[in-house]
Amino acid sequence: MNEEIEKRIFELADTKYKEFHSGLCPNTNNIVGVRVPVLRNYAKELSKSDFRSYLDNAKNEYYEEIMLQGMVIGLSKMNLEERLRYVKKFVPKIDNWAICDVFCAGLKFANKNKQEVWKFLQQYKNSMEEFELRFFIVMLLDFYITDEYVKEVINILENIKHEGYYVKMAIAWTISIAYIKYPEITMKYLINNTLDDFTYNKALQKIVESYRVSNQDKAIIRNMKRKI
């Protein structure tokens, strides 16, 4: 099965996309070049077959092989306990931002299992592994910027202290989305926080870049930038 999957991945590859995407994923040298929508369509096929056998024996040689596994975990029909087992097994395979973010976006089962998934995610809160921590943060971003959880999410972000670039960028991104959805709550935090200068300024930058923020509010946010 692995040989068939690898062959299919190479058949679906786009050379120009490989060059483009490789530039977005530095230090990732195993990209074949399959566009995400194309890979997702293939994942849908696999999710309707013997997906357990596939997931239990899948190879991790190529970037697309790993991303494909993450997609199948999100798409296949299984109960919550089994899916979380596969998620836990997959997380250590995440080694770049793109695999992380595409994987998280596909875990839509979290919407119907907020409390259980929240509890599951806490095991990653204090991880020192850059992409385990990014996985945790992006899951908060994708599924927990809500009335019930937003204040707790902000508090968690405030207490994460990690020097990884992709952790800091994830925190900045999450704060910007929190501001867009809950401007008053997030503004209070932005006025009084212990974020490092890089992460804080990146959060402001992402807020200003959003088309969902008014020009008046953008002017206020720009004036809050710290001088480094």
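Structure's up top.
Residues numbered from 1 in each chain as written. Predicted model: local features only at pLDDT ≥ 70, side-chain atom pairs only at ≥ 80, totals over all residues. Heavy atoms only, no water.

**Side note on the state of the cysteines**
Counting across every chain of the model gives zero disulfides. Cys100 supplies the cysteine sulfur nearest to Cys25, a cysteine that is in no disulfide, at a spacing of 12 Å. Not engaged in a disulfide, the cysteine Cys104 finds its nearest cysteine sulfur in Cys100; these two sulfurs lie 4.2 Å apart. Judged by relative accessible area, Cys104 falls into the buried class, the value being 0%. (Disulfide = S-S within 2.5 Å. Buried < 20%, exposed > 50% of the residue type's maximum accessible area, 1.4 Å probe, protein only.)

**Things to note about empty space enclosed by the protein**
Applying the stated rule across the entire model yields two cavities of 30 Å³ or more. Leu55, Gln69, Ile73, Tyr86, Lys89, Phe90 and Lys93 together form the lining of the largest cavity. If one sorts the elements of the lining of the largest cavity by residue count, helix H6 (residues 80-90) sits on top with three residues. Each residue belonging to the lining of the largest cavity can be placed in one class, and the counts come to four nonpolar, one polar and two charged. If you add up the space inside the second largest cavity, you get close to 30 Å³. Class assignment for the residues of the lining of the second largest cavity results in three nonpolar, two polar and two charged. (1 Å grid on protein atoms, 1.4 Å probe; cavity = no way out; pocket = protein on both sides within 12 Å on 5 of 7 lines; lining within 4 Å. Points joined across faces, edges and corners; volume = space filled by probe spheres on them. Helix = DSSP H or I, 4+ residues; strand = E, 2+ residues; numbered from the N terminus. Nonpolar A, V, L, I, M, F, W, Y, C, P; charged D, E, K, R; others polar.)

**Focus: the packing of aromatic side chains**
Applying the stated criterion to the full structure yields 12 aromatic pairs. Ring plane angle 65° and centroid distance 5.9 Å describe the contact between Phe120 and Tyr124, whose orientation is recorded as edge-to-face. Judged by relative accessible area, Phe120 falls into the buried class, the value being 12%. Residue Tyr124 is classed as buried on the basis of its relative accessible area, which comes to 5%. On the numbers, 5.0 Å between centres and 90° between planes, the contact of Tyr165 with Tyr166 is edge-to-face. Residue classification places Tyr165 among the partly exposed positions, given a relative accessible area of 42%. Grouped by ring-pair contacts, the aromatic residues Phe90, Phe103, Phe120, Tyr124 and Phe135 constitute a single cluster. (Phe/Tyr/Trp six-rings, centres within 6.5 Å; stacked < 30°, edge-to-face > 60°.)

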